[in-house]
Amino acid sequence: MTKKGIQAEDLYDLKSIVDPQLSPNGNEVVFVQTHIEKEKKDYVSNLYYMNLSDKRTKQWTFGNHRTHSPRWSPNGNELAFVSTREGKSQIFVLSKFGGEAKQITFCKNGAKNPVWSPCGKKIAFSVVIGKEESIHDQVKKETEEDKELKPLEVEKMKYKSDSSGFLDLTQFSHIGMVNLETGEIEQLTNGENHYSLGSWSPDGKYVTFLADFSEDSDASFISDVYLFNLETKESISVTKGTGSFWQTSWSPNSRYLSFQGNEQEFKNATHSKVWIYDLQTKELNCFTSEIDAPVGDYAVGDFQQGAALPGVQWAEDNESFYFVISDHGNTIIYYGNISGEIYPALHDEQHVYGFSLHPKEHTAVVAISTATEPGELYFVNLQNGEKQQLTFVNQEFLQTRVLSDVEPIEFESEDGWNVHGWLMKPVGFEEGKKYPLILEIHGGPHAMYANTYFNEFQVLAAQGFAVLYVNPRGSHGYGQKFVDAVRGDYGGNDYKDLMNAVDYVLDKYEFIDKDRLGVTGGSYGGFMTNWTVGHTNRFKAAVTQRSISNWISFYGVSDIGYYFSEWQILADLNDIEKLWKHSPLAYAKDIETPLLIIHSEKDYRCPIEQAEQLFIALKRQQKQTKFIRFPESNHELSRSGKPDLRIKRLNYIKDWFLQYV
């Protein structure tokens, strides 16, 4: 029997593994595995354990809920984690020797982000507390009064977010601490400010937090690093309001504090960097200032659930450390030390989306994905790059499918700038035959396509389409000048980069049928899809997803609209002409391409009115278009939305291209 390629419904069979955590002795690892419960139509996450000596996997937690954020105690005998098993997210502690997990927080609004004290007797955590609430308030049953409809009073511009919906501006993020021996809970921070918990210093003196104490939070986009002295309860500022910083971590001797961030020289297009603060000399230095690539994982994908990279991870010698950089479509583990030495430690064509270091041995458990590998864990020697696969969670299922591999491409575009990307051949490719091509455009725009698994691309390849995806200017991974170049030029040279990519593959690959081209993308990629069909008729069909069509209205309706428009289009409502010039809606009269419009009802990043305006403009002119509205979904539909709706979305895209291309 001939194997088929990936189908939309295969999401039910594929598993995601993220957040590997090595035990302090380096011999054991715990990770989060997520699958979709078909009957429940929802995600289920549990913790799995492996002893690296026998490499056998054991399931450690059970149940049809979400369990995540595993963190080993300093002695390696216990594990703290977050679970929704009691409804709200709460923190639990489990002994590695067996027995039931013990719930240690009962906070009214839930708790998350467990951080162990060095002595192992306390855990700090993040908690949301209302103006009239206490950290000691426990979860209570919802009353009729709680269900009562109430007006939302709004006095700030930052009153909603795509991930959280409308915000309760009387609630603030604070830091709590629980004593594991007594069960006593203490609130470390207070007041009407948000505090984001960082890390605990190995000497036990400090916990770090991130905060913005600016008077006008609507006009401020900074995030400063602070040291909170646990004895005196005083806060000491490490950064001085110059930018945005995050993910703190410590050298084992507590002398050096490292974190990531930037000083926003290019607003949200600025490369993130590694910073190191010396508590002994009180000096703060940017460690990666000479590297023209961003620190962190900027790869876009649509598969992993809850993936998150750690910050800088320090070795036992107190001088050397490891971190991840996004470069040329890969995420690379770099080595660095206090003396300024820096070089790649793991540099393959792959996407590193998680890793946990053994500080003594310079080995790590690393989560890796490639174009044909959804994601597995590997044991890696960071001194010589040798790696050994540890998990095989998707191997059995993938043996029943054929995945299309990719071919990297690179070509010269406008101004002599090189553009990099990939071409994926259709599943079952035969020499001599002609195949249709779909151009995929990523969101951001400050992100990058990468050497990683992309489920949507595999679904299209399985239907006989070649898939082209590239990183036009504006993308991360190709230098600061490259990522900044799109600002103020949306629909300019970024559009030319994409069209040049199509011209390049048409010229180089005879199997692509130039008369059967499609284009799709989401967010910025949706904007660019709209822009493309308003400026050329070369595509037979298009699918625009969670898009922007009108920068004038976007300014006031998006959760980030006012500042994103000013940073990216370089215009505000005093320059309507420029906002309209860059709006695809202004060119709706020129759209002849059959256009499928996909949007989520609760998308606050690119609100659904953006799709409504475009749909009505096209229908009024009797253009070929269709509008699909996804209920109870936000901007993240394609990545972490309700599983059955994710599958329906994939099938809408596939069927539109099969019909018109």
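If you're wondering where the values come from, they're calculated on a predicted model, not measured in any experiment. Each chain carries its own residue numbering, running from 1 in the written order of its sequence. Totals for whole chains, interfaces and linings use all residues, but because this is a predicted model, local features are given only for residues with pLDDT of at least 70 and pairs of side-chain atoms are given and counted only at 80 or more. Side-chain measures were taken over the full set of non-hydrogen atoms in the model, leaving aside hydrogen atoms and water.

Caption draft 1: Representation of the packing of helix α3 (residues 455–462) against helix α12 (residues 643–660) within the structure. Only the contacting stretch of a helix is used when fitting its axis, a line to C-alpha atoms as for every element, and angles between N-to-C directions run 0 to 180 degrees. Note on conventions: DSSP H or I runs of at least 4 residues are helices, E runs of at least 2 residues are strands, and numbering of each starts at the N terminus. Orientation of α3 relative to α12, taken along the N-to-C sense of each, is 40 degrees, at an axis distance of 10 Å. Classified by the angle between their axes, α3 and α12 sit oblique to one another. Of the two possible hands of crossing, α3 and α12 adopt the one that is right-handed. Taken together, the residues of α12 that come into contact with α3 (itself represented by Asn455, Glu456, Val459 and Leu460) are Arg649, Leu650, Ile653, Lys654 and Phe657. The nonpolar class holds Ala, Val, Leu, Ile, Met, Phe, Trp, Tyr, Cys and Pro. Asp, Glu, Lys and Arg form the charged class, and all remaining residues, Gly among them, are polar. Its residues placed into classes, the contact of α3 with α12 shows five nonpolar, one polar and three charged. Angles below 35 degrees are treated as roughly parallel, those above 145 as roughly antiparallel, those between 65 and 115 as roughly perpendicular, and all remaining angles as oblique. Helix crossings get a hand from a simple test, with the near helix turned counterclockwise from the far one by less than a right angle marking a left-handed crossing and a clockwise turn marking a right-handed one. Contacts are assigned to residue pairs with any non-hydrogen atoms lying within 4.5 Å of each other.

Caption draft 2: Region of interest: the UniProt feature "domain: Peptidase S9 prolyl oligopeptidase catalytic" (unreviewed entry) in the chain. UniProt positions are given in the numbering used here, feature names are shortened, and annotations may be inferred rather than shown by experiment. Sites flagged by UniProt as "domain: Peptidase S9 prolyl oligopeptidase catalytic" (unreviewed entry) map to residues 453–660. Segment residues 453–660 splits into 45% helix and 16% strand. End C-alpha atoms: 26 Å apart.

Caption draft 3: Layout of a nonpolar patch on the surface. Residues qualify for a patch when their relative accessible area is over 30% and they have no salt bridge, like charges being joined within 9 Å and the nonpolar side chains of Val, Leu, Ile, Met, Phe, Trp and Tyr within 5 Å. For the area figures, the Shrake-Rupley method with a 1.4 Å probe applies, and any residue is considered shielded solely by the protein chains shown. What counts as a salt bridge is simple: a side-chain nitrogen of Lys or Arg found within 4 Å of a carboxyl oxygen of Asp or Glu. The grouping of Leu152, Val154 and Phe166 at the surface amounts to a nonpolar patch, some 270 Å² of accessible area in total. Within the secondary structure layout, Leu152 lies in the loop between α1 (144–147) and β11 (160–161). Relative accessibility decides the category of a residue: with a 1.4 Å probe and only protein chains considered, values under 20% of the type maximum give buried, values over 50% give exposed, and everything between is partly exposed. When its relative accessible area of 45% is taken as the criterion, Leu152 is described as partly exposed.

Caption draft 4: Here's a closer look at the environment of Pro445. Position of Pro445 relative to the elements: it lies in the loop between β33 (435–441) and α3. With a relative accessible area of 1%, Pro445 lands in the buried category. Taking the C-alpha atoms as reference points, Pro445 and Gln622, separated by 177 residues in sequence, lie 31 Å from one another. Once residues within four sequence positions are removed from consideration, Pro445 is found in contact with Gly474, Ser475, Val486, Tyr490, Tyr524, Phe564 and Gln568.

Caption draft 5: Spatial organisation of the sheet that holds strand β17 (residues 224–229). Strand pairing is assigned whenever DSSP identifies at least 2 bridges connecting the two strands. A sheet is described by the order of its strands in space; here four strands give the open sequence β15-β16-β17-β18, paired in antiparallel fashion. Only two strands of the sheet have a single partner each, and these edge strands are β15 (196–200) and β18 (235–237). The mean inter-strand angle of the sheet, taken between neighbouring strand axes irrespective of direction, is 30 degrees.

Caption draft 6: Molecular detail of the side chain of Glu28. On the secondary structure map, Glu28 appears in strand β2 (residues 28–37). We classify Glu28 as buried; its relative accessible area is 5%. A polar contact is formed between the side chain of Glu28 and the side chain of Lys96, at a distance of 3.2 Å. In this structure, Glu28 is in contact with Gln21, Leu22, Ser23, Tyr49, Met50, Asn51, Leu52, Trp72 and Lys96, ignoring residues within four places of it in sequence. Any N or O atom pair separated by 3.5 Å or less is treated as a polar contact, with the protein-specific requirement of one donor-capable and one acceptor-capable atom, and with residues adjacent in sequence counted only for side-chain atom pairs.

Caption draft 7: How the structure looks around the environment of Phe245. Counting through the fold element by element, Phe245 comes out in strand β19 (residues 244–250). Judged by its relative accessible area of 1%, Phe245 falls in the buried class. Each C-alpha atom of the pair Phe245 and Lys156 lies 23 Å from the other, and the pair is 89 residues apart in sequence. Residues in contact with Phe245, not counting those within four places in the same chain, are Leu210, Ser223, Val225, Thr239, Phe259, Gln260, Gly261, Asn262, Glu263 and Trp275.

Caption draft 8: Fine view of the packing of aromatic side chains. Note on ring pairs: Phe, Tyr and Trp rings are taken, using the six-membered ring of Trp, and paired if centres are within 6.5 Å. Classes follow the plane angle, with under 30 degrees stacked, over 60 edge-to-face and the rest tilted. Per the stated rule, a full pass over the model turns up 53 aromatic pairs. Measuring from centroid to centroid gives 6.0 Å for Phe31 and Tyr48, while their planes differ by 15 degrees, and the two rings are stacked. Linking Phe31 in strand β2 with Tyr48 in strand β3 (residues 42–51), this pair joins segments that are 17 residues apart in sequence. Classification of Phe31 by relative accessible area gives buried; the value is 1%. Considering the side-chain rings of Tyr563 and Trp567, the 4.9 Å spacing of their centres and the 55 degrees angle between planes classify their relative orientation as tilted. Taken as a pair, Tyr563 and Trp567 lie in helix α8 (residues 561–568) at a separation of four residues, close to a single helical turn. A relative accessible area of 16% places Tyr563 in the buried class. Of the residues examined, Trp567 reaches a relative accessible area of 13% and is grouped as buried. One aromatic cluster in this structure is built from Tyr490, Tyr524, Phe527, Trp531, Trp551, Phe554, Phe564 and Tyr587. For a lysine, the NZ atom is tested; for an arginine, the CZ atom; a charge sits over a ring if that atom is within 6 Å of the ring centre and within 35 degrees of the ring normal. Directly above the aromatic system of Tyr604 lies the positively charged group of Lys160, at a separation of 5.7 Å from the ring centroid. Over the ring of Tyr378 we find Lys387; its NZ or CZ atom is 5.6 Å from the centre of that ring.

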